[in-house]
Amino acid sequence: MRLHVLDGGTIEILDWALFQPDAGQGVRRTLADSCYLVVHPRGTLVWDAGLPDALAEEPEGHRVGDIAVFHVKGSLERQLAEAGCPADTIDFLALSHFHPDHVGNASLFSRATLLVQRDEYAAAFGASPGDHGFDPGTYASLRERAVIPLDGDHDVFGDGSVVILRLPGHTVGSQSLLVRLPDTGPVLISGDLAHSLENWTRRVVPGFNASVDESRRSMNRAAEVLAEEDAVLWVQHDHAQQSTLRRSPHHYT
């Protein structure tokens, strides 16, 4: 089994106070937008789909109002091919949630079965996805995909090595991924449980999360998992931390 760290782009946050209220007005911060590939003897899984590869054609980045500027330099499709797992061969696509920076290349995974919490899927394809910060145009292709709706934690390959954890709060059905690697040990991949290591440590919850209380309960549960497993937390959006990780085609075993 191996775990690849993939570059799904970067996000320039124009006002970090949206994510950390005591940051002060006008503070900017760059976030990573990492994705991950798990290669297992029983199949392959991609965790999150980053920003759209097409944004690489916008050298100045793609501005989203007064909130952020999206930047893409490397192609996720190319990275997967270089790792020996072309996008159209992937067995499972698991999304931490349906926000645009996590679904940008979802259309690449034509054979993949979608693994997502049932209430998250219902919100994404329901009558008012915008109420959840979702844009159906960014994931329209997923309506045609096979889906396994989840109602809690899910053991992807049936041997405990790759487990989706239901950790709602950021959105109604947010989830994180626990990967138990033989050599590296267990790694908990955050989704948007926190947007920085500092926010994780201080238990800072953005005001725009679906539920502050659920977010804190999920953080507490994740902390228990980390302690029980003696696991490392990878915060997907923490640019400093993610920059220290070896990038695909290098990998962790």
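Residues numbered from 1 in each chain as written. Predicted model: local features only at pLDDT ≥ 70, side-chain atom pairs only at ≥ 80, totals over all residues. Heavy atoms only, no water.

## Describing the environment of Thr30
Quick note on the threshold: Runs of H or I in DSSP of at least four residues are treated as helices and runs of E of at least two as strands, each being numbered from the N terminus. Three exposure classes are used, based on accessible area relative to the maximum for each residue type with a 1.4 Å probe and protein chains only: buried under 20%, partly exposed in between, and exposed over 50%.
Its location among the elements puts Thr30 in strand 2 (residues 29-40). Its relative accessible area of 39% is what places Thr30 among the partly exposed residues.

## A look at the pairing of strand 10 (residues 162-166)
Regular strands place side chains that alternate from one sheet face to the opposite one. The line we're drawing: Any two strands with at least two DSSP-identified bridges between them are counted as paired.
Counting buried residues in strand 10 gives four out of five residues, a clear majority hidden from the surface. Sheet topology places strand 9 (residues 154-155) next to strand 10; two bridges connect them, and they run antiparallel. Among the inter-strand pairings, Asp155 is bridged to a residue of strand 10, identified as Val163. The pairing of strand 10 with strand 11 (residues 175-181) spans five bridges and is antiparallel. From the neighbouring strand, Val163 faces strand 11, where its bridge partner is Leu178.

## A look at the state of the cysteines
Rule in force here: Disulfides are defined in this document as cysteine sulfur pairs within 2.5 Å.
Taken as a whole and assessed by the stated rule, the structure comprises zero disulfides. The closest cysteine sulfur to the non-disulfide-bonded Cys35 is located on Cys85, 15 Å from its own sulfur.

## Quick look at the packing of aromatic side chains
Short version of the rule: Each Phe, Tyr or Trp ring (for Trp, its six-membered ring) is paired with any other whose centre lies within 6.5 Å, and the angle between the two planes then decides the class: stacked below 30 degrees, edge-to-face above 60, tilted in between.
Taken as a whole and judged by the stated rule, the model has 10 aromatic pairs. For the ring pair Trp16 and Phe19, a centre distance of 5.3 Å and an interplane angle of 15° mean the geometry is stacked. When its relative accessible area of 8% is taken as the criterion, Phe19 is described as buried. Ring geometry for Tyr121 and Phe125: centres 4.5 Å apart, planes at 45°, overall tilted. When its relative accessible area of 21% is taken as the criterion, Tyr121 is described as partly exposed. With relative accessibility at 16%, the residue Phe125 sits in the buried group.

## What to know about the sheet that holds strand 7 (residues 113-117)
What counts here: All axes are obtained by fitting lines to C-alpha atoms, using only the stretch in contact for helices, and the reported angles, taken between N-to-C directions, cover 0 to 180 degrees.
Pairing is mixed across the open sheet formed by eight strands, whose spatial order is 4-5-1-2-3-6-7-8. Each edge of the open sheet is held by one strand with a lone partner, namely strand 4 (62-64) and strand 8 (147-150). In this sheet, neighbouring strand axes are inclined to one another by 25° on average, regardless of whether the strands run parallel or antiparallel. Sheet topology places strand 4 next to strand 5 (residues 68-71); three bridges connect them, and they run antiparallel. Bridging across to strand 5, Arg63 finds its partner in Val69.

## What to know about empty space enclosed by the protein
Filter applied, for reference: Space inside and on the surface of the protein is sampled on a 1 Å grid over the protein atoms alone, with a cavity defined as a set of points where a 1.4 Å probe fits but cannot get out and a pocket as an open set with protein on both sides within 12 Å along at least 5 of 7 lines; lining residues have an atom within 4 Å of a point. Grid points are joined across faces, edges and corners, and a volume is the space filled by probe spheres set on the points. Put simply, Ala, Val, Leu, Ile, Met, Phe, Trp, Tyr, Cys and Pro go in the nonpolar bin, Asp, Glu, Lys and Arg in the charged bin, and everything else, Gly too, in the polar bin.
All chains considered together, the criterion is met by one cavity of 30 Å³ or more. Together, 13 residues line the largest cavity, and Leu167, His170, Ser174, Asp192 and Leu193 are the ones closest to its centre. Residue classes in the lining of the largest cavity are distributed as three nonpolar, nine polar and one charged.

## Quick notes on the layout of surface pockets
Approximately 570 Å³ is the volume attributed to the largest pocket. In this structure, the largest pocket is lined by 25 residues; those nearest its centre are Phe19, His99, Pro100, Asp101 and Phe208. Among the elements of the structure, strand 1 (2-13), strand 5 and helix 2 (100-103) are those that each provide at least two residues to the lining of the largest pocket. A per-class count over the lining of the largest pocket returns 13 nonpolar, eight polar and four charged.

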